[in-house]
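One-letter residues, chain by chain:
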Amino acid sequence: MFRLDLSYIKKNMYSIVIGIFLLWFVITFLIYPNLMVALSSFQTDEGFSFGIIQKLLDSPIAMAGLKNSFLLAIALSITTNIVGIFIVLVSEYFDIKGAKILKLGYMTTFIYGGIILVSGYQMIYGQNGIVTQLLINVIPDLNVQWFQGFWAVLFVMTVSTTTAHMMFLSNAVKSIDNYTIEAARNMGASTFYIIKRVVLPVVMPTIFAITILQFLGGLSAFAAPLVLGGKDFQTIAPLILQLNKIPGSQGLALILSLILGLTTILLLVFFTRLEKGGTYFSISKTKKTYVKQKINNKFANVIVHILAYALFIIYVFPVVIIVIFSFTNATAIYNVDFSLASFTLENYRSVFNDASQIAPFFNSAEFALKASIGVVIIVLLGVGLQRHHDNGFTKFIEYAFLIPWMLPSTLIAIGLLTTYDMPRWIIGNNVLIGTTGIIVIAYLIISIPMTSRMLRATYQSVDHDLEKAAKALGASSFYTFRRVVLPMIFPTVIALVVLSFNSLLSDYNIAAFLSHPLREPLGLMIQSVTSERADGDAQALIYVYSTVLMVIAASTLYVVYGILLKEKKN
């Protein structure tokens, strides 16, 4: 006979309430909408049908898109780790001249991304780009569309997706026990050997997490293939968006998404098992200040410096070009004209003198900030619950948090759009369509997987003995979390809020489906101006928005790292 254990309920009241909330959230926003879309896509007038699979196999465009997506994902996982680890080593580990300036250059990807970043590289290397114009003077027969296809997409995505390395791998490198490095050096170990046997094992959990992000980023790449892929290299995400707009092709778009989802699940299970089965060295527990390592080999030192500054130019050049072109008219942009006569402040006057044009910035900032804070709170609840109750339920929550990785953001938006366009008892018989809350929920959903992976990796570095000691002294679970655990993971928590905020600020895919007609986000504004590119100076306005966006992102980063975290450290 079932007996209600009141003492157990009282003892675990917080955990039970958190568990009920997380279960409701997962079912309501991560499972139910996607299940509704999946079922309706296989539904025909005659009932359920799997004929859509044969349709997929018979489609050469879809099969080519699948092949290109996996090729890009694999290549990106390799190249991004090579570049990302290198820039972290030269900015944090090695004693490199001008390391602080290099670090600022590498961190430019923090302040712009998506379609804005791709456009920046297109302006430099594209058909009318500066580099292309210079190369034509040397090679008259050069194909002006040389920067197009797989290698162009891989190049841009490699450079633009090292944000996670600078954000998380830098912290991991700075946590390395300096005494261990000194001991290895005193025993005659070379620089390469120390990196291989001391540094990499310590940061390997972080590299695992970042590699998953890069692979999934390659699979779902949208802006870069759309702009730079050309007709010969298109990936799944743009194809899904196109198919979803064609009547009768939504099922094909869904099948493509499910294939990506199955691959993602297998990959996540593989990396999770690999990560848990590994043995890693502990981070530094000493108070000795971390000392950067010198490269004793002069030739290697010169080569590293050259590569470091070459990458610095590649990172910084698009930012400089975007800012300069924001002060010029469309004619100067087209002709790559930097003369003083072409400079003007009229672009900024037209934006800031019109409230209707600046309002989208504030709308996007509000939506992005709410979603960024909300996702960190929800994931912290899930990760914290699993740390104290590692059972089937918490594992279900852990894997449920990864569901958004399985689906393109556009289909997540469609799921919310088609499910909550009428009263549903699961949300109190409310309707979400037509409210600003639905776009915040969508932003929160697409931010969950990355936040979950990173917070989980950070949580693993927290010493269990500290929590046990606090509890042995009579501290409650909440007090232990607030005074012991949270201060240790606080830099990562703030970093995740900033990373999510910046990534959502110029979103277009979600906004196109779920934005409120009276609260237009920034992404829609940029897209609308882009569609008017042929009209006079409208193109220059894109760079005004991009510049203002970068200023907002840079200001946010300064407030967090230059003020908040600095005060916390002091």
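Residues numbered from 1 in each chain as written. Predicted model: local features only at pLDDT ≥ 70, side-chain atom pairs only at ≥ 80, totals over all residues. Heavy atoms only, no water.

Secondary structure assignment for the protein yields 26 helices and two strands. Of all intrachain contacts in the protein linking residues separated by at least 6 positions in sequence, the fraction that spans at least 24 positions is 77%. By element, 66% of the accessible surface of the protein is carried by carbon and sulfur atoms, the whole surface being about 27900 Å². (Helix = DSSP H or I, 4+ residues; strand = E, 2+ residues; numbered from the N terminus. Contact = heavy atoms within 4.5 Å. Areas by Shrake-Rupley, 256 points an atom, 1.4 Å probe, with all protein chains shown as cover.)

With that settled, consider the packing of aromatic side chains. Where two aromatic rings form a pair, the distance of their centres and the angle of their planes describe that pair. On inspection of all chains with the given rule, the structure shows 16 aromatic pairs. Between the aromatic rings of Tyr106 and Tyr315, the centroid separation amounts to 5.4 Å while the plane-to-plane angle is 65 degrees, which identifies the pairing as edge-to-face. Linking Tyr106 in helix 5 (residues 99-106) with Tyr315 in helix 15 (residues 298-325), this pair joins segments that are 209 residues apart in sequence. Take Tyr106 and Tyr315: they sit in the same class, and that class is buried. Each residue in the set Phe21, Trp24, Phe25, Phe29, Tyr32 and Tyr420 is aromatic and connected to the rest through ring pairs, giving one cluster. (Phe/Tyr/Trp six-rings, centres within 6.5 Å; stacked < 30°, edge-to-face > 60°. Buried < 20%, exposed > 50% of the residue type's maximum accessible area, 1.4 Å probe, protein only.)

Now for unusual backbone geometry. Positive phi, close to 60 degrees, is recorded for Asn429, a residue that is not glycine. Looking at the element boundaries, Asn429 is found in the loop between helix 20 (409-419) and helix 21 (437-459). A residue is classified by how much of its surface remains accessible, and Asn429, at 51% relative accessible area, is exposed.

In this section: the nonpolar core. Phe29, Tyr93, Tyr106, Tyr112 and Phe401 are the most contacted members of the largest nonpolar core, which totals 151 residues. At 14 residues, helix 11 (residues 191-219) tops the list of elements feeding residues into this core. If near-sequence neighbours (up to four positions away) are discounted, Tyr112 is found in contact with Leu117, Tyr121, Tyr315, Pro318, Val319, Ile322 and Met550. Counting residues in hydrophobic clusters, the runner-up holds 17 residues, among them Ile52, Ala62, Leu254 and Ile414. (Core = buried A, V, L, I, M, F, W, Y, C linked by side-chain atoms within 4.5 Å.)

Two quantities define a packed helix pair, namely the angle between the axes and the distance from one axis to the other. Where helix 4 (residues 60-93) meets helix 15, the axes come as close as 11 Å, and the angle between the chain directions of the two elements is 110 degrees. In terms of orientation, helix 4 and helix 15 fall into the roughly perpendicular class. In this structure, helix 4 crosses over helix 15, and the sense of that crossing is left-handed. On helix 15, the residues touching Val83, Phe86, Ile87 and Val90 of helix 4 are Val304, Leu307, Ala308, Leu311 and Tyr315. Residues that form the contact of helix 4 with helix 15 fall into these classes: nine nonpolar, no polar and no charged. (Axes fitted to C-alpha atoms, helices over the stretch in contact; angles between N-to-C directions. Parallel < 35°, antiparallel > 145°, perpendicular 65-115°, else oblique. Left-handed = near helix turned anticlockwise from the far one by under 90°. Nonpolar A, V, L, I, M, F, W, Y, C, P; charged D, E, K, R; others polar.)

Relative to each other, helix 22 (residues 464-472) and helix 23 (residues 477-505) sit at 145 degrees, their axes nearing to 10 Å. With respect to the hand of their crossing, helix 22 and helix 23 are arranged in right-handed fashion. Within the contact between the two elements, helix 22 uses Leu466, Glu467, Ala470 and Lys471 and helix 23 uses Ser477, Thr480, Val484, Val485 and Met488. Looking at side-chain class alone, the contact of helix 22 with helix 23 contains five nonpolar, two polar and two charged residues.

With twelve residues, helix 9 (residues 163-174) should reach 16 Å at 1.5 Å per residue; the first-to-last C-alpha distance of 17 Å fits that figure. The element helix 9 is extensively covered by neighbouring structure, given that ten of its twelve residues are classed as buried. For helix 9, the full list of buried residues reads Thr163, Ala164, His165, Met166, Met167, Phe168, Leu169, Ser170, Ala172 and Val173. (Expected span 1.5 Å × (residues − 1).)

Throughout the structure, instances matching the rule amount to six salt bridges. Measuring nitrogen to oxygen at the nearest pair gives 3.4 Å for the salt bridge that ties Glu346 to Arg349. Here the residue Glu346 and the residue Arg349 both occupy positions in helix 17 (residues 346-352), the gap between them amounting to three residues, near one helical turn. Of the residues examined, Glu346 reaches a relative accessible area of 44% and is grouped as partly exposed. Salt bridges here are not isolated pairs; linked through shared partners, they connect Glu366, Lys370 and Arg519. (Salt bridge = Lys/Arg side-chain N within 4 Å of Asp/Glu carboxyl O.)

Examined against the element boundaries, Ile373 turns out to sit in helix 18 (residues 355-388). Along the sequence, Ile373 and Leu444 sit 71 residues apart, while their C-alpha atoms lie 8.7 Å from each other.

This brings us to the confidence of the model for the protein. Here the protein averages 79 in pLDDT, and 86% of its residues register 70 or above. Across residues 279-284, where pLDDT falls below 50, the model places 15 contacts with residues more than four positions away in sequence or in other chains. (pLDDT = per-residue confidence, 0-100.)

Take Tyr508: it is sitting in the loop between helix 23 and helix 24 (509-514). In this structure, the C-alpha to C-alpha distance between Tyr508 and Leu524, residues 16 residues apart in sequence, is 6.0 Å.

Topologically, Leu369 is positioned in helix 18. The spacing of Leu369 and Phe501 is 132 residues in sequence and 5.7 Å in space, taken between C-alpha atoms.

What follows is about a nonpolar patch on the surface. There is a patch of nonpolar side chains on the surface, built from Phe299, Val302, Ile303, Ile306 and Leu307 and spanning about 490 Å² of accessible area. Tracing the backbone shows Leu307 in helix 15. Judged by relative accessible area, which is 44%, Leu307 ranks as partly exposed. (Patch = residues over 30% accessible without salt bridge, like charges linked within 9 Å, V, L, I, M, F, W, Y side chains within 5 Å.)

This paragraph deals with the side chain of Arg424. Take Arg424: it is sitting in the loop between helix 20 and helix 21. Although buried, Arg424 forms no salt bridge, and the nearest oppositely charged side chain, Asp421, lies 4.9 Å from it. When sequence neighbours within four positions are dropped, the list of residues in contact with Arg424 reads Tyr32, Met36, Thr418, Thr419, Asn429 and Asn430. (Lys, Arg positive; Asp, Glu negative; His and termini not counted.)

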